[in-house]
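Overview (structure and organization)
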Amino acid sequence: VLAEIGFVDVFRQLDKRAEQYTWWSNRGQAWAKNVGWRIDYQMVSPNLKPALYGCAIAAEPKFSDHAPFTVDYD
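So, here is what we can say about the structure in this document. Source: prediction; values computed, not measured.

1. Structural notes on empty space enclosed by the protein
Going through the model one piece at a time under the given rule, you end up with one cavity of 30 Å³ or more. In this model, the largest cavity occupies a volume close to 40 Å³. Around the largest cavity, the lining residues are Trp24, Trp31, Ala58, Ala59, Pro61, Lys62, Phe63, Ser64, His66, Ala67 and Pro68. Of the residues that constitute the lining of the largest cavity, the class distribution is eight nonpolar, two polar and one charged.

Right, here's the structure in full:
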């Protein structure tokens, strides 16, 4: 719905790599096998899109089933 009105998924705008996740189940060694989901997002309005500078998923060190996701704006 947000994409339909022009909002941008920051991570996909800046990083096209597959298998980049922000959440892993605590079952079945999901962390060790890197089988996760990218369920933590930052969405920006079209006006902020030109200010996107960089982003990162801090998967290490692991302190939760979620990894921090940060965005840098110019």
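2. With respect to the pattern of salt bridges
This model, assessed by the stated rule, comprises two salt bridges. Between arginine 17 and aspartate 15 there is a salt bridge, with its nearest N and O atoms 2.7 Å apart. A relative accessible area of 12% means that aspartate 15 is categorised as buried.

Each value, and the rule that gives it
Residues numbered from 1 in each chain as written. Predicted model: local features only at pLDDT ≥ 70, side-chain atom pairs only at ≥ 80, totals over all residues. Heavy atoms only, no water. 1 Å grid on protein atoms, 1.4 Å probe; cavity = no way out; pocket = protein on both sides within 12 Å on 5 of 7 lines; lining within 4 Å. Points joined across faces, edges and corners; volume = space filled by probe spheres on them. Nonpolar A, V, L, I, M, F, W, Y, C, P; charged D, E, K, R; others polar. Salt bridge = Lys/Arg side-chain N within 4 Å of Asp/Glu carboxyl O. Buried < 20%, exposed > 50% of the residue type's maximum accessible area, 1.4 Å probe, protein only.

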